[in-house]
There are 2 protein chains.
Amino acid sequence: MRLSDRVQAMQNSPIRKFNPIAAEVKAQGTKVYHLNIGQPDIETPSVFMEAIKGFDQKVLAYAESPGLPMLQDAIIKYFKTFNMDLERKDVLITSGGSEALTLVFLSLLNPGDEVIVAEPYYTNYLTFIQAADGVIKPVTTYAEEGFKYAIKERLEKVVTEKTKMISIVNPGNPTGCILSREDMRVICDFAKEHDLWILADEVYREFAYDGREMTSFGQYEDVADRVIVIDSVSKRFSACGARIGCIVCKNDEFMSQVMKIAMGRLCCPTLEMVGATALYGLDPSFFDEVRKEYEHRRDVSYEALKKIPGIVCEKPGGAFYITCKLPVESAEDLLVFLLKEFRDNNETVMYAPAEGFYATPGLGKDELRIAYILKAEDMARGIELLGKGIEAYKAAGHK
Amino acid sequence: MRLSDRVQAMQNSPIRKFNPIAAEVKAQGTKVYHLNIGQPDIETPSVFMEAIKGFDQKVLAYAESPGLPMLQDAIIKYFKTFNMDLERKDVLITSGGSEALTLVFLSLLNPGDEVIVAEPYYTNYLTFIQAADGVIKPVTTYAEEGFKYAIKERLEKVVTEKTKMISIVNPGNPTGCILSREDMRVICDFAKEHDLWILADEVYREFAYDGREMTSFGQYEDVADRVIVIDSVSKRFSACGARIGCIVCKNDEFMSQVMKIAMGRLCCPTLEMVGATALYGLDPSFFDEVRKEYEHRRDVSYEALKKIPGIVCEKPGGAFYITCKLPVESAEDLLVFLLKEFRDNNETVMYAPAEGFYATPGLGKDELRIAYILKAEDMARGIELLGKGIEAYKAAGHK
């Protein structure tokens, strides 16, 4: 009655594993500022629930395995604004970006196959890749360099004969790093040279600040057969609980193979697809206001962080995360202290310790990821709590 | 740019792969009786949509990774009627029974590990097991024996040192075979003797006919640490499109490990869990009427099948499927003929060819699975079309 080696090798999500402690704390009446998870407080556009409330079929039946055709069409239309020309066969609806990633790795990786990933990375990539018995080959990035990883020499250093793909999150989670057109070109050329797949997780596409361009790897004709784009309604439309994402790819062979797994799991939830269709149909101007709001939150968060003595961080260009180095030895220890011992006006704060965002042993122990998903005043207060918490932690004799 | 061996080894779902042809046929105005998929025409209880329409949170947020606590509690209460005493830690909500099975196999199987499965089996088990690089070890069953597989000697024959688990669907899909208490005892003892996990997919629990008892492997105290029960709202509540299922298990080590994957994929859709909570709260008397209806459909279907010359089938005791042997060499060829060439009053019929339900090469080519999920008169007409289609197929010179 053993368990599989793969599941035993997995870690508990560093983003979610402290939630049970937080739940206890909140049950005791303490307010916790949740900066640990990318759960925005922006209201979900009302068209989502309106569309669902309008659903009037008497039998809630299985949907098509690739997804409701009307949702596929809405996604095709959305991508037209990025000059991408898709057909239904190029779009597979999934249960969130998470299922999309799982399906991709299961379809591409043999046991021991390697995936190039910039670290720190969105920690659940490790779980998805381990589920397919694959291995992460990290390209370490640094706050001081703006977490840049599209550097030919550094990519060349980690490529081996077992490398199957390079996996990108752009704009980046957890670093907020955003690729320039030149960076994207470097990655496309690298992938061609080594015959690699490019997995481009672009769920934060619209969260590009300071006038940066919104892009997609799907716009590069010369790599169209090797690019797999991941999309999702979670962040863009503040609809994380809908669990609707998709795989977009012009490689017919890949799509027909991944469809075999998709048919096995039957389909995504019908109602959520009805709601998601309405979301994808929103006018692009919807994002302008949202973007302005997040840009403001980023600025407020960054300024508040800079006030904490000894903290190291750079202003990110996209997504809604900041990764920074703390003036303590263990970000996990500090978090447990904040949850269990520290209170300021009966409030405390929670973040994601970054150690689980690194594949290289020893890195990230003193780093954290903050998601700036609360309104500016709450971000300021949450980060103020972090600063006060660090002070109290040190005053209590911790390093 | 290769694909993984595992995905290339997978088959296209024999239940769904002919759907594109059927879609063309229907677009041309021909009526197709879909007996290929377990999609009931029973109305989804209205409490489902009512609960969802009542959802009034402004932000559709991520839910807890194990599922909404209120849904866990509703499931715990449901299982109490089967004298099972569960806690929240024993219940993990999943995106349908499909995700539940995927998570279980990923958590238990190392590459090459074997799973004992009675064949013919629900074909997607092969896909789920292949996704975890596991191997099906089939115990062949026969219509003439009522598809019985709980026979110690036959199970002993397929067990090896690589056997990790025995996987049961009870009541059975695609055979309709239902285990007696004696059968369940045989399987429990066998699992204990060989130290195997018991995966008990019981999504058809209430579909037990002719006064047969509704059971669960979760009722057997002496195997409580090795039993993993799969449940789902799809069939029981005619809510296939909701994609809500669960894993139920009293083994804390297993549950803590599978939770690592569950945290990686974040959560199930919030709204569907709200609706599912209402479904699990329905009074058990709800099933009595549903059961009577299916029993009637089974009887009508069975009688109609018996009228087709040369067909071999037995009356099933549970679920809503009949597997039978056809008087033709290839059930797939016949199906393509029915879809592309045969028409009666501009109508035709679709079923699932059973070859993909067998692991043993050569078996099942002349067999099909019918789902009696349409109302009795439609079942009778669909099966009449099958009979007429076979006649036309033979008249056209096919064997």
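As a reminder, the structure under discussion sits directly above these lines.
The structure presented is a predicted model; accordingly, all values stated were derived computationally and were not measured.

A. Fine view of the relation of the copies chain A and chain B. By a simple turn and slide, chain A fits onto chain B: the slide is 0.0 Å along the axis, the RMSD is 0.0 Å, and the turn is 180°. The superposition of one copy onto the other is thereby described by a two-fold rotation axis. Measuring from the rotation axis to each C-alpha of chain A, the shortest distance belongs to Lys53 of chain A, at 3.0 Å. Take the interface residues of chain A: 100% of them recur as interface residues in chain B, which is what a same-surface contact looks like.

B. Region of the structure containing the packing of aromatic side chains. For the structure on display, the rule yields 40 aromatic pairs over all chains. Both rings, one in Tyr78 of chain B and one in Tyr280 of chain B, keep their centres 5.5 Å apart while their planes meet at 70°; by these two values the pair is edge-to-face. Of the two residues, Tyr78 of chain B is situated in helix α4 (residues 69-80) and Tyr280 of chain B in helix α10 (residues 270-280); the sequence distance between them amounts to 202 residues. Across the pair, Tyr280 of chain B and Tyr78 of chain B agree in class, each one buried. A centroid spacing of 5.2 Å and a plane angle of 85° characterise the contact between Tyr204 of chain B and Phe320 of chain B, whose relative ring orientation is edge-to-face. One end of the pair, Tyr204 of chain B, is in the loop between β6 (197-201) and β7 (227-232); the other, Phe320 of chain B, is in the loop between α11 (286-306) and β9 (321-325), with 116 residues separating them in the sequence. Of the residues examined, Tyr204 of chain B reaches a relative accessible area of 4% and is grouped as buried. For Phe320 of chain B, a relative accessible area of 0% translates into the label buried. Grouping aromatic residues by their ring pairs yields a cluster made of Tyr78, Phe79, Phe82, Phe237, Tyr280, Phe286 and Phe287 of chain A. Between Arg297 of chain A and the ring centre of Tyr294 of chain A, over which it is positioned, the NZ or CZ distance is 5.2 Å.

C. Focus on a positive patch on the surface. Judged by side-chain charge, Lys53 and Lys58 of chain A together with Lys53 and Lys58 of chain B come together as a positively charged surface patch. Inspection of the secondary structure assignment puts Lys53 of chain B in helix α3 (residues 47-53).

D. Quick look at the interface of chain A and chain B. Contacts between the two partners involve 82 residues from chain A, matched on the other side by 82 residues from chain B. Carbon and sulfur atoms make up 57% of the area that chain A and chain B hide from each other, which totals about 6,600 Å². Taken as a group, Met1, Arg16 and Tyr62 of chain A account for 13% of the area that chain A buries against chain B, more than any other trio of residues on that side. At the junction of chain A and chain B, the tally comes to 0 salt bridges. Where chain A meets chain B, there are 42 residue pairs in polar contact (both at pLDDT 80 or more). At the level of elements, α1 (5-9), α3 (47-53), α5 (96-108), α6 (124-131), α9 (252-264) and α10 (270-280) of chain A are the ones that each hand at least two residues to the side of chain A that touches chain B.

E. Representation of the sheet that holds strand β8 (residues 244-249) of chain B within the structure. Residues and elements named next belong to chain B. Strand order in the open sheet formed by 7 strands is β2-β8-β7-β6-β5-β3-β4, and the pairing between neighbours is mixed. Pairing within the sheet leaves two strands with one partner each, and these edge strands are β2 (91-95) and β4 (135-140). Put simply, the sheet's adjacent strands are angled 25° from each other on average, direction ignored.

F. Layout of the environment of Pro361 of chain B. Residue and element names in this part refer to chain B. Considering the arrangement of structural elements, one finds Pro361 in the loop between β11 (352-353) and β12 (367-371). Assessed through its relative accessible area of 74%, Pro361 is described here as exposed. C-alpha separation for the pair Pro361 and Thr140, spaced 221 residues apart in sequence, amounts to 11 Å.

G. Structural detail: the pairing of strand β6 (residues 197-201) of chain A. Residues and elements named next belong to chain A. In terms of burial, β6 is a largely internal element, 5 of the 5 residues being buried. Side chains of β6 alternate between two faces, with Trp197, Leu199 and Asp201 and Ile198 and Ala200 buried alike. As paired strands, strand β5 (residues 163-169) and β6 are joined by 5 bridges and run parallel to one another. Along β6, the bridge assignment pairs Val169 with Asp201.

Definitions and limits used
- Residues numbered from 1 in each chain as written.
- Chains lettered and ligands numbered in written order.
- Predicted model: local features only at pLDDT ≥ 70, side-chain atom pairs only at ≥ 80, totals over all residues.
- Heavy atoms only, no water.
- Least-squares fit on C-alpha atoms with pLDDT ≥ 70 in both.
- Contact = heavy atoms within 4.5 Å.
- Phe/Tyr/Trp six-rings, centres within 6.5 Å; stacked < 30°, edge-to-face > 60°.
- Helix = DSSP H or I, 4+ residues; strand = E, 2+ residues; numbered from the N terminus.
- Buried < 20%, exposed > 50% of the residue type's maximum accessible area, 1.4 Å probe, protein only.
- Lys NZ or Arg CZ within 6 Å of the ring centre and 35° of its normal.
- Patch = residues over 30% accessible without salt bridge, like charges linked within 9 Å, V, L, I, M, F, W, Y side chains within 5 Å.
- Areas by Shrake-Rupley, 256 points an atom, 1.4 Å probe, with all protein chains shown as cover.
- Salt bridge = Lys/Arg side-chain N within 4 Å of Asp/Glu carboxyl O.
- Lys, Arg positive; Asp, Glu negative; His and termini not counted.
- Charge placed at Lys NZ, Arg CZ, Asp CG, Glu CD.
- Buried area = accessible area lost by both parts, 1.4 Å probe.
- Polar contact = N/O pair within 3.5 Å; in protein donor to acceptor, adjacent residues only side chain to side chain.
- Pairing = 2+ DSSP bridges.
- Axes fitted to C-alpha atoms, helices over the stretch in contact; angles between N-to-C directions.

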